[in-house]
Amino acid sequence: MADLYDLGERPPLGEVPKRMHAYLVRQSRFGQPRDAWKREVIPTPTLGADEALIYVMASGINYNNVWAALGAPLDVIAERQKAGEPEDFHAGGSDCSGVVWAVGRDVRNVAVGDEVVVHSGWWRADDPWVRAGKDPMLAESTRIWGYQTNYGSYGQFARAQAHQCVPKPRRLTWEEAGCYLLCASTAYRMLMGWPPHVVEPGDVVLVWGAAGGLGSLALEITRAVGGRALAVVSDDAKKKFCLDHGAGGVVNRSQFAHWGPLPDTKDAKAYGEWAKGARAFGKACWDALGERVSPRLVFEHPGEATLPTSVFVCATGGMVVICAGTTGYNATLDLRYHWMRQKRFQGSHLSNDAQAAAVTKLVAEGKVDPCLSKTYGFDDIPECHQLMLDNKHPYGNMAVLVNATKPRQGAAR
Ligand code: NAP
């Protein structure tokens, strides 16, 4: 048995080499993703009783590992060391398709040889909240796999809790299957996980960053469940992509200038300017839809730059649901619109097993497209994260081949 295999060189099923190739971040390299991510050879991880080792065929690229490279807002390596884990590196990656290569002694839901995709909700099975059968995404022990945990999908083998494994949609190639689940499951929980504010037929849903990873899947899911998505982008070149992926209308945010935190409501001039911009944006939304209907749900993630507008344009009784603060964490809003019009502001984070399975079912049935943008090679991992940080990445979700040797393999068509 070899101690280390090249990428794509397949060991006999179930045989685990001692070492593997993986992309890592180290604290000494924190900074621009292009320099922070480097390929190294590290020991293949060992498994706990409830874990599975995945032979990774392809991986998605996600924004969380841009944050990991920057070392901010969280030093994920220091956090794990504080929690007692010895490794001085972060082997990241939160999305993958692959083959189950080994399982811990208590694993029952998957077996060696199964083709799977892996969702990134990680929690301790002995967490009292989880044991009580409550939504594990609200448990104290919850982590994002491949960001807050080590040995994610940017290695030849990834270590996951077995419950994270979902059967791979058979119609998808390795790269299609590896690219979508983190964004899709997050978008699904945001749109369908907070009743009574779930997308109902005919509901208008305003989607920020609609050509991005999250946004493109929000468009797809909204269409699949009968809603009407209104896409926001910064460039007219993205319009066609959004319409192709389910948008009923598109607004270009670069035509407005009122972004950023809400001005002081006592400063009449500054507030007046902001209100003029927000009203013009709201009108542009109606024009794009062809109807004076405001969004029942606003799908938020830019945060600081857009939240005041999101709350303003949200329909009476509607919900702004948010999963990130990409442009900043200082949330401001005019409370008058919030309480008088009885709106809801809801935080949301990743998804639980049921939500990951539900959105994968929509993908497997062909109702939601995984929105694969472009397939890259393993050694493009640093550049893919840099493109994302610079907002220059291709529309949709990027994938990298890990052990898959060529694109367009793995689908049963
Ligand atoms: P992405 O592919 O880079 O898309 C983000 C989009 O945001 C871009 O396409 C861009 O579109 C838009 N944007 C950039 N600056 C903006 C601004 N100033 N105002 C409004 N829109 C702006 O990233 P993603 O994968 O969709 O992730 C987006 C964020 O969500 C990241 O912060 C990520 O970490 C987070 N996230 C959180 C979770 C969770 O579970 N909590 C899960 C997934 C992602 P335009 O320039 O065309 O407007």
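To be clear, the structure that these remarks concern was listed above.
Anyway, here's the lowdown on the structure attached to this text. (Residues numbered from 1 in each chain as written. Predicted model: local features only at pLDDT ≥ 70, side-chain atom pairs only at ≥ 80, totals over all residues. Heavy atoms only, no water.)

**Section: the overall build of the chain**
- Within the chain, the regular secondary structure consists of 13 helices and 18 strands.
- Against the globule reference of 22 Å for 413 residues, the chain gives a C-alpha radius of gyration of 21 Å, in line with a compact fold.
- Taking as baseline every contact in the chain between residues at least 6 positions apart, the subset at least 24 positions apart corresponds to 72%.
- Approximately 16900 Å² of the chain is accessible, and the part contributed by carbon and sulfur atoms is 52%.
- The averaged location of the 44 negative side-chain charges in the chain is 4 Å from the averaged location of its 45 positive side-chain charges. (Helix = DSSP H or I, 4+ residues; strand = E, 2+ residues; numbered from the N terminus. Rg over C-alpha atoms; globule rule 2.2 N^0.38 Å. Contact = heavy atoms within 4.5 Å. Areas by Shrake-Rupley, 256 points an atom, 1.4 Å probe, with all protein chains shown as cover. Lys, Arg positive; Asp, Glu negative; His and termini not counted. Charge placed at Lys NZ, Arg CZ, Asp CG, Glu CD.)

**A word on the packing of helix α6 (residues 181-192) against helix α7 (residues 213-224)**
- Two elements in contact, α6 and α7, have axes whose closest approach is 8 Å; the angle formed by their N-to-C orientations is 55 degrees. Considering the angle they form, α6 stands oblique to α7. Taken as a pair, α6 and α7 cross one another with a handedness that is right-handed. When α6 is examined against α7, the residues C183, A184, T186, A187, Y188 and L191 are found in contact with a partner set consisting of G213, L214, L217, A218, I221 and T222.
- Taken together, the residues that form the contact of α6 with α7 break down as nine nonpolar, three polar and no charged. (Axes fitted to C-alpha atoms, helices over the stretch in contact; angles between N-to-C directions. Parallel < 35°, antiparallel > 145°, perpendicular 65-115°, else oblique. Left-handed = near helix turned anticlockwise from the far one by under 90°. Nonpolar A, V, L, I, M, F, W, Y, C, P; charged D, E, K, R; others polar.)

**A look at the site of the ligand**
- Around the ligand, the structure places 25 residues, and the nearest of them are S234, K238, R253, T326 and L350.
- Here G213 contributes a backbone N or O atom positioned 2.9 Å from an oxygen atom of the ligand.
- Burial of the ligand by the protein chains amounts to 89% of its free accessible area of 900 Å².
- Elements that contribute at least two residues to the shell around the ligand include exactly α6 and α7.
- Looking at the shell around the ligand element by element, the count peaks at three residues for α6.
- Taken together, the residues that form the shell around the ligand break down as 11 nonpolar, 12 polar and two charged. (Near = heavy atom within 4 Å. Polar contact = N/O pair within 3.5 Å; in protein donor to acceptor, adjacent residues only side chain to side chain.)

**Things to note about the nonpolar core**
- Counting 53 residues, the largest nonpolar core has Y180, L191, V207, L219, C242 and F299 as the members making the most contacts within it.
- Per element, the largest residue contribution to this core is eight residues, and it comes from α6.
- Beyond its immediate sequence surroundings of up to four residues, C242 is in contact with A210, A211, L219, A231, V233, A247 and V250.
- Ranked by size, the runner-up nonpolar core spans 32 residues in total, among them V56, C96, C165 and C384. (Core = buried A, V, L, I, M, F, W, Y, C linked by side-chain atoms within 4.5 Å. Buried < 20%, exposed > 50% of the residue type's maximum accessible area, 1.4 Å probe, protein only.)

**Let's talk about the sheet that holds strand β4 (residues 89-91)**
- What the three strands build is an open sheet, ordered β2-β1-β4; its pairing is antiparallel. Every interior strand has two partners, whereas the edge strands, β2 (38-43) and β4, have only one. Going across the sheet, the axis of each strand differs from the next one's by a mean of 55 degrees, ignoring polarity.
- As judged from the three bridges shared by strand β1 (residues 19-26) and β4, these two strands associate in the antiparallel manner. Among the inter-strand pairings, R26 is bridged to a residue of β4, identified as F89. (Pairing = 2+ DSSP bridges.)

**Remarks on helix α13 (residues 381-389)**
- Where burial is concerned, most of α13 is hidden: seven out of the nine residues are buried.
- Looking only at α13, the buried set comprises I381, P382, C384, H385, Q386, L387 and M388.
- Tucked into the core, α13 has its buried residues touching β1, α1 (33-36), α2 (64-70), β17 (372-376) and β18 (397-401).

**Here's the deal with a nonpolar patch on the surface**
- A cluster of nonpolar side chains, namely L13, V103 and V112, defines an oily patch on the protein surface of about 230 Å² accessible area.
- Note that V112 resides in the loop between β5 (96-103) and β6 (115-118). (Patch = residues over 30% accessible without salt bridge, like charges linked within 9 Å, V, L, I, M, F, W, Y side chains within 5 Å. Salt bridge = Lys/Arg side-chain N within 4 Å of Asp/Glu carboxyl O.)

**Thoughts on the packing of α6 against helix α12 (residues 353-364)**
- Closest axis-to-axis distance for the α6/α12 pair is 9 Å, and the angle between their directions is 110 degrees. In this view, α6 runs roughly perpendicular relative to α12, as classed from their interaxial angle. Here α6 contributes L181, A184, S185, Y188 and R189 to the contact with α12, which in turn contributes Q355, A356, A358, V359, T360 and L362.
- A class-by-class count of the residues in the contact of α6 with α12 yields seven nonpolar, three polar and one charged.

**Thoughts on the pattern of salt bridges**
- Under the defined criterion, the tally for this structure stands at 21 salt bridges.
- A salt bridge links R39 to D379; the nearest nitrogen and oxygen atoms lie 3.0 Å apart. Residue R39 is located in strand β2, and its partner D379 is located in the loop between β17 and α13; the two are separated by 340 residues in the primary sequence.
- On the basis of relative accessible area, D379 is assigned to the partly exposed category, the value being 47%.
- Taking the shortest distance from any N to any O, the salt bridge between E291 and R228 comes out at 2.7 Å. Here E291 is found in the loop between α9 (268-289) and β14 (297-300), whereas its partner R228 is found in strand β12 (residues 228-233), with 63 residues between them in sequence.

**Here we look at the sheet that holds strand β15 (residues 319-322)**
- Strand order in the open sheet formed by six strands is β13-β12-β11-β14-β15-β16, and the pairing between neighbours is parallel. Unpaired on one side and paired on the other, β13 (247-252) and β16 (344-347) mark the two borders of the sheet. For this sheet, the mean inter-axis angle between neighbouring strands, taken without regard to orientation, is 20 degrees.
- The pairing of strand β11 (residues 204-207) with β14 spans three bridges and is parallel.

**Examining the pairing of β6**
- The pairing of β5 with β6 spans four bridges and is classified as antiparallel. Bridged to V99 within β6 is E115.
- With three bridges joining them, β6 and strand β10 (residues 165-167) adopt antiparallel strand pairing. Its bridge partner lying in β10, V116 is registered against P167.

Don't take any of this as a statement about function, it's just geometry.
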